[in-house]
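If you want the building blocks of each chain, they are given just below.
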Amino acid sequence: MNSILITGAGSGIGRATAVAFAEAGWNVGLVGRRREALEETARAAGGGLVLAGDVTKAEAVDAIFAEAVAVFGRVDALFNNAGRGSRPRTIDETPLEDWHAVLDVNLTGAVLCARAAFAQMRKQSPQGGRIINNGSISAHAPRPGSVPYTVTKHAITGLTKCLSLDGRPFNIACGQIDIGNALTEMAAPMTKGVPQANGTIAPEPTMDVGDVAKAVLMMAQLPLASNVQFMTVMATSMPFIGRG
């Protein structure tokens, strides 16, 4: 049975993806800081290995992967999904605390998890696996006042490309899914109105978060000889094509 670790599994996209993979017959490792939320996800998915820990801490990440391997025997996939944003502000008005908080989760956390997954996939037999990074539409085009989030998501694209290249000798594939306006608790304000590039406030279309989970599952189910390098999945009418 294939196994996947999903970060940020306590809510939103992470929870929906965990449910989709469990229904598809995968062993699912649920990674996040809040154990109670992870346990709720496990109930929703009908099972799952709760792996509570802080992905911004190298020691915690190493412990998470060690426990997963002890239970599952190997790691076939990682969905690098944990992320956070900050209040919209111009760069000069953004507190450095916000910058560091977003950087720690969105980028350092993703790097630490990718590092641990890469090491495990390289040494396991059969060798190899797949890393899927959550990029976001903001890996392409920013929202107003989003320097911390947008910078980290552009950096995720660089991480994806590097892992794709460095993983070739070890049968490790890496792809990125760029998600736009999936209706989660974090995205709910979009239905009421969010800042636009022209200075107005306007509601934006959203999509079912379950459709994102289906897309991640499709990427993960490919044989390692094939890879979706970049995928954009978004609410059809959201202002991305033509943003600004």
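Residues numbered from 1 in each chain as written. Predicted model: local features only at pLDDT ≥ 70, side-chain atom pairs only at ≥ 80, totals over all residues. Heavy atoms only, no water.

Asks: Please set out the state of the cysteines residue by residue, giving values where relevant.
Replies: Taken as a whole, this structure holds zero disulfides when the rule is applied. In this model C113 remains outside any disulfide bridge; the closest cysteine sulfur is found in C174, 13 Å from its own. Residue class for C113 comes out buried when judged on its relative accessible area of 3%. Among the cysteines around C162, which has no disulfide bond, C174 carries the closest sulfur, lying 9.6 Å off. Among the residues examined, C162 registers a relative accessible area of 46% and is labelled partly exposed. (Disulfide = S-S within 2.5 Å. Buried < 20%, exposed > 50% of the residue type's maximum accessible area, 1.4 Å probe, protein only.)

Asks: Talk me through the environment of G8; I want residue IDs and the actual numbers.
Replies: Within the element layout of this structure, G8 appears in the loop between β1 (3-7) and α1 (12-23). Note on G8: relative accessible area 22%, which makes it partly exposed. Along the backbone, G8 and D62 are 54 residues apart, and their C-alpha atoms lie at a distance of 16 Å. Beyond its immediate stretch of four places on either side in the chain, G8 contacts G14, R15, V31, N81 and A82. (Helix = DSSP H or I, 4+ residues; strand = E, 2+ residues; numbered from the N terminus. Contact = heavy atoms within 4.5 Å.)

Asks: Got a sec to walk through the packing of helix α3 (residues 58-72) against helix α4 (residues 96-123)? Specific residues and values, please.
Replies: Angle between the axes and distance between the axes are the two parameters that describe a pair of packed helices. For the pair α3 and α4, interaxial distance at closest approach is 9 Å and the crossing angle is 40°. α4 is crossed by α3, and the crossing has right-handed handedness. Residue-level contacts link A58, V61, D62, F65 and V69 of α3 to L112, C113, A116, A117 and Q120 of α4. (Axes fitted to C-alpha atoms, helices over the stretch in contact; angles between N-to-C directions. Left-handed = near helix turned anticlockwise from the far one by under 90°.)

Asks: Pulling in residues and values, what's your account of the pattern of salt bridges?
Replies: Inspection of every chain in the model, using the stated rule, returns five salt bridges. A salt bridge links R15 to E40, with the nearest nitrogen and oxygen atoms 3.3 Å apart. Highlighted residues: R15 in helix α1 and E40 in helix α2 (residues 35-45), separated in sequence by 25 residues. Given the relative accessible area of 23%, R15 is considered partly exposed. (Salt bridge = Lys/Arg side-chain N within 4 Å of Asp/Glu carboxyl O.)

Asks: Describe unusual backbone geometry, listing the residues and the values that go with them.
Replies: Cis rather than trans, the peptide bond between S125 and P126 has omega equal to 0°. With respect to the secondary-structure elements, P126 resides in the loop between α4 and β5 (129-134). Of note in the backbone geometry, N171 takes a positive phi value of approximately 60° without being a glycine. Among the secondary structure elements, N171 is positioned in the loop between α5 (147-167) and β6 (172-180). Positive phi, normally seen in glycine, also occurs at N181, with a value near 60°. For N181, a relative accessible area of 5% translates into the label buried.

Asks: Account for the environment of L163, naming residues and giving values.
Replies: You can see L163 is positioned in helix α5. Note on L163: relative accessible area 11%, which makes it buried. A sequence separation of 60 residues divides L163 from L103, and the C-alpha atoms of the two residues are 19 Å apart. Among residues more than four places away in sequence, those in contact with L163 are A114, F118, I131, N133, I172 and C174.

Asks: Explain the side chain of T157 to me, using residue names and the numbers behind them.
Replies: Among the secondary structure elements, T157 is positioned in helix α5. For T157, the residues in contact, after removing those within four places along its chain, are A139, Q176 and F230.

Asks: Pulling in residues and values, what's your account of the packing of α1 against α2?
Replies: It is at 9 Å that the axes of α1 and α2 come closest, and there the two elements cross at 35°. Taken as a pair, α1 and α2 cross one another with a handedness that is right-handed. Residues R15, A18, V19 and A22 of α1 form the contact with α2, whose participating residues are A37, E40, T41, A44 and A45. Of the residues in the contact of α1 with α2, the class split is six nonpolar, one polar and two charged. (Nonpolar A, V, L, I, M, F, W, Y, C, P; charged D, E, K, R; others polar.)

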